[in-house]
Amino acid sequence: LSQRMVTEGGGSDDARVTWMFQATTNRKPTPREIPVLKQLLAEQRATFSADTNAATQLLKVGEAKNNPALDSVELAAGTVLAQALLNHDGAVMRR
């Protein structure tokens, strides 16, 4: 999901968090949600920039291989954003 955000979500953080939110919840984020999502993405980007080994380790988890041409810091930050959004009530399927 993070890889798709980087390749399909646009070049700005606004566009990327909006894309990720819509991909996980099937609705647009509210004006109050966008700054929170952008802050999370920026914080994670800073964390993984300071520790690129942590980004590499995170991206080793799972079966799908990441595109090596994409920035591992950006993919790791997007992965954390995806994890947070997948835990959002709007992303949980209710029966």
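Notes on the structure in this doc start here. Keep in mind that what you see is a predicted model, and the values were worked out from it rather than measured.

What follows deals with the environment of Ala50. Summarising the element assignment, Ala50 is placed in helix H3 (residues 33–50). A relative accessible area of 71% means that Ala50 is categorised as exposed. Separated by 23 residues in the primary sequence, Ala50 and Val73 place their C-alpha atoms 9.4 Å from one another.

The next thing to look at is the pattern of salt bridges. Using the criterion set out here, one finds six salt bridges in the structure. A salt bridge links Arg45 to Asp13; the nearest nitrogen and oxygen atoms lie 2.8 Å apart. Here Arg45, found in helix H3, pairs with Asp13, found in helix H2 (residues 13–25); they are 32 residues apart in sequence, far enough to count as distant. Put simply, Asp13, Arg16, Arg45 and Glu74 are held in one network by salt bridges that share partners.

A positive phi angle is found at Asn26, which is not glycine, with a value near 65 degrees. Looking at the secondary structure, you find Asn26 in the loop between H2 and H3. Residue classification places Asn26 among the exposed positions, given a relative accessible area of 74%.

By the element assignment, Lys28 lies in the loop between H2 and H3. The exposed category is assigned to Lys28, whose relative accessible area is 61%. With 14 residues separating them in the primary sequence, Lys28 and Ala42 have C-alpha atoms 20 Å apart.

Definitions and limits used
Residues numbered from 1 in each chain as written. Predicted model: local features only at pLDDT ≥ 70, side-chain atom pairs only at ≥ 80, totals over all residues. Heavy atoms only, no water. Helix = DSSP H or I, 4+ residues; strand = E, 2+ residues; numbered from the N terminus. Buried < 20%, exposed > 50% of the residue type's maximum accessible area, 1.4 Å probe, protein only. Salt bridge = Lys/Arg side-chain N within 4 Å of Asp/Glu carboxyl O.

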